[in-house]
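Take a look at the letters that make up each chain.
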Amino acid sequence: QVQLQESGPGLVKPSQTLSLTCTVSGDSISSGSYYWSWIRQPAGKGLEWIGLISTSGSTNYNPSLKSRVTISRDTSKNQISLKLSSVTAADTAMYYCARKRDGYRLGSWFDPWGQGTLVTVSS
Amino acid sequence: DIQMTQSPSSLSASVGDRVTITCRASQSISSFLNWYQQKPGKAPKLLIYAASTLQGGVPSRFSGSGSGTDFTLTISSLQPEDFATYYCQQSYSTPMYTFGQGTKLE
């Protein structure tokens, strides 16, 4: 059974870089046909896709965040990481990692998700 | 970007009711539409993918339909554990994925 667990500082100062880690168990982030994504959700609001990394290490980002986002991986630890630079209060949110699966002629979906980690941007 | 609009934003219903939630895409997305359920304090859970395929373990009272721009999620007989917020998500414009704003079922 695949499990994802996010971790990282819960408080980040404005203008600094947010850094989170997602530890994956029950699956390998460097093999298979899945992708590993970050998605965030401000309190009381909807979901925003941030970006993803493939099993080969290629990345795609939401254009609205692309200039500030870096997603990387550590295959030895089976972890993916998110870095978001120059944060502001608008980046305060619950951050989730999720596995993305592609189905032939079926599109893509996110399953499962980690439990999420809350990041607050405040001085 | 493809915009996803859900209606209603909130819905009041009772146990046993048949409930329908609508999701409309700003352009045709074929059947590349997924539905998620999110309970307070929890991560979203995949219910339906490809517009109408039930994810394993999801009760059969949930169903999805639609193609093109208009989609529906139906709960045939509402159960107490179904009170949650529901989100649609398109995967047509890969790799840019967008979600609806959510429908809170209360």
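Residues numbered from 1 in each chain as written. Chains lettered and ligands numbered in written order. Predicted model: local features only at pLDDT ≥ 70, side-chain atom pairs only at ≥ 80, totals over all residues. Heavy atoms only, no water.

1. Describing the interface of chain B and chain A
At the interface, 18 residues of chain B touch 22 residues of chain A. Across the interface of chain B and chain A, roughly 1700 Å² is buried in total on both sides, 65% from carbon and sulfur atoms. The three residues of chain B that bury the most area against chain A are B:Pro44, B:Tyr97 and B:Phe99, which together make up 30% of that side's buried surface. Counting every contact that joins chain B to chain A gives zero salt bridges. Viewed at the interface, chain A and chain B are joined by ten residue pairs in polar contact (both at pLDDT 80 or more). In terms of residue class, the side of chain B that touches chain A is built from twelve nonpolar, five polar and one charged. (Contact = heavy atoms within 4.5 Å. Buried area = accessible area lost by both parts, 1.4 Å probe. Salt bridge = Lys/Arg side-chain N within 4 Å of Asp/Glu carboxyl O. Polar contact = N/O pair within 3.5 Å; in protein donor to acceptor, adjacent residues only side chain to side chain. Nonpolar A, V, L, I, M, F, W, Y, C, P; charged D, E, K, R; others polar.)

2. Notes on the packing of aromatic side chains
Using the criterion set out here, one finds eleven aromatic pairs over all chains in the structure. Aromatic pair A:Trp109 and B:Tyr49: ring centres 4.0 Å apart, planes at 20 degrees, arrangement stacked. With one member in each of two chains, A:Trp109 in strand S10 (residues 107-113) and B:Tyr49 in strand S5 (residues 45-49) form a pair that bridges those chains. On the basis of relative accessible area, A:Trp109 is assigned to the buried category, the value being 3%. (Phe/Tyr/Trp six-rings, centres within 6.5 Å; stacked < 30°, edge-to-face > 60°. Helix = DSSP H or I, 4+ residues; strand = E, 2+ residues; numbered from the N terminus. Buried < 20%, exposed > 50% of the residue type's maximum accessible area, 1.4 Å probe, protein only.)

3. Considering the layout of surface pockets
It is a probe the size of a water molecule, rolled over the atoms, that shows where empty space is left. Of the volumes computed, that of the largest pocket is approximately 450 Å³. Around the largest pocket, the lining comprises 24 residues; the ones closest to its centre are A:Gln41, A:Gly44, A:Lys45, B:Gln38 and B:Tyr87. Examining the composition of the lining of the largest pocket, we find that three residues originate from one element, strand S11 (residues 103-105) of chain B, more than from any other. Among the residues making up the lining of the largest pocket, the classes are represented as ten nonpolar, ten polar and four charged. The volume enclosed by the second largest pocket comes to roughly 340 Å³. Listed by contribution, the elements that provide at least two residues to the lining of the second largest pocket are strand S1 (3-7) and S10 of chain A. If you tally residues by element for the lining of the second largest pocket, the top one is S10(A), at three residues. Its residues assigned to classes, the lining of the second largest pocket shows six nonpolar, five polar and three charged. (1 Å grid on protein atoms, 1.4 Å probe; cavity = no way out; pocket = protein on both sides within 12 Å on 5 of 7 lines; lining within 4 Å. Points joined across faces, edges and corners; volume = space filled by probe spheres on them.)

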